[in-house]
Amino acid sequence: MITEYQQQLRERYLAATVMPAPEPWQPVLDRRIPIGGLLGIGFAVHPGSGHDLVMVVSSDGHGLFDAVTGEKIARDRDPDPDTSTPDAHPDLACPGLGPIVGAPVRIAGLFGGGLHSTTPDGWTLDVVSPEWPHDRVILSADGGSHKGPAGGTWWHIFHSEYSELRAAGFSPSGRTLAVATSSDLTLWTRPGHHLDD
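Treat the numbers as computed from the prediction; the structure is a model and nothing was measured.

Draft legend 1. Structural context of the sheet that holds strand E4 (residues 52–58). Spatially, the five strands line up as an open sheet ordered E6-E5-E4-E3-E9, and their pairing is antiparallel. Since the sheet does not close on itself, it has two edges, and those belong to strand E6 (72–76) and strand E9 (108–109), each with one partner. Of the strand pairs in this sheet, strand E5 (residues 61–66) and E6 are connected by four bridges, and their pairing is antiparallel. Directly across from histidine 62, in E6, lies its bridge partner aspartate 76.

Draft legend 2. Quick look at unusual backbone geometry. In this structure, proline 24 follows glutamate 23 across a cis peptide bond, with omega equal to 5°. If you trace the backbone, proline 24 turns up in the loop between helix H1 (4–15) and strand E1 (26–27). One non-glycine residue with positive phi stands out, namely leucine 92, at about 55°. Residues other than glycine seldom take positive phi values, yet histidine 146 does so here, at roughly 55°. Mapped onto the fold, histidine 146 is located in the loop between strand E11 (134–140) and strand E12 (154–160).

Draft legend 3. Summary view of the pattern of salt bridges. Tallied over the full model, the rule gives five salt bridges. A salt bridge links glutamate 131 to arginine 136, with the shortest nitrogen-to-oxygen separation between them at 2.8 Å. When its relative accessible area of 36% is taken as the criterion, glutamate 131 is described as partly exposed. On the basis of relative accessible area, arginine 136 is assigned to the buried category, the value being 4%. One salt bridge connects arginine 166 with glutamate 164, and the closest N-O pair in it is separated by 2.7 Å.

Draft legend 4. Spotlight on the nonpolar core. With 17 residues, the main nonpolar core has Ile35, Ile41, Val54, Val56, Leu185 and Leu187 as its most contacted residues. Mapped onto this core, the elements with two or more residues apiece are strand E3 (38–45), E4, strand E14 (176–181) and strand E15 (184–189). Broken down by element, the residue count for this core peaks at three residues, all from E3. When neighbours within four sequence positions are excluded, isoleucine 41 is seen to be in contact with Val54, Met55, Val56, Arg106, Ile107, Ala108, Leu115, Ala167, Ala178, Ala180 and Leu185. Grouped together as the second largest cluster of nonpolar side chains are 16 residues, Ala21, Val137, Leu165 and Phe170 included.

Draft legend 5. Quick look at the layout of surface pockets. Size it by volume and the largest pocket reaches roughly 270 Å³. Considering the residues around the largest pocket, the lining is formed by 17 residues, among which Phe43, Val105, Arg106, Ile107 and Gly114 are closest to the centre. Of all the secondary-structure elements, those providing two or more residues to the lining of the largest pocket are E3 and strand E8 (104–106). Among the elements that make up the lining of the largest pocket, the one with the highest residue count is E8 (three residues).

Rules used throughout
- Residues numbered from 1 in each chain as written.
- Predicted model: local features only at pLDDT ≥ 70, side-chain atom pairs only at ≥ 80, totals over all residues.
- Heavy atoms only, no water.
- Pairing = 2+ DSSP bridges.
- Helix = DSSP H or I, 4+ residues; strand = E, 2+ residues; numbered from the N terminus.
- Salt bridge = Lys/Arg side-chain N within 4 Å of Asp/Glu carboxyl O.
- Buried < 20%, exposed > 50% of the residue type's maximum accessible area, 1.4 Å probe, protein only.
- Core = buried A, V, L, I, M, F, W, Y, C linked by side-chain atoms within 4.5 Å.
- Contact = heavy atoms within 4.5 Å.
- 1 Å grid on protein atoms, 1.4 Å probe; cavity = no way out; pocket = protein on both sides within 12 Å on 5 of 7 lines; lining within 4 Å.
- Points joined across faces, edges and corners; volume = space filled by probe spheres on them.

Here's what the structure looks like:
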């Protein structure tokens, strides 16, 4: 039995259509990045540009993306089987590649772990499931209270109805927002918050 408050919350989420993330968030690409067999993602920082990087672990290997441009900057189709998935490491980490080779990257997804759910300046990300197993990703500027209609202080920015949600959250810097499903990666960034902008 759910309470009246819980029923109202459920109805509020069900009524909210998917909408663009608000300013200053911008989609990194105009489409999702397809990645078959995605198992999890993690964040790192490019040692040269200072851009957030997203490391993707999938059944087809490891990939590294620039979170500002969406460009794939490194790929390992045949990682060491002993470290190819994060469950082999106590910190759920996989070894970095490309510009972060040798640095472990913590991976959130199928094997556990998590990404940041808040930013230092007050953005919050929640995953809700009023129609389980279909997850909805909610971005809010109200500390996660989700009061009032969608589009005011909270936004339904992603609906995982075609694939299984693996991870959703912010980079440690708070400049990147990522949603990973079993089939793709979607990124948003905040222009003007990167070292070279």
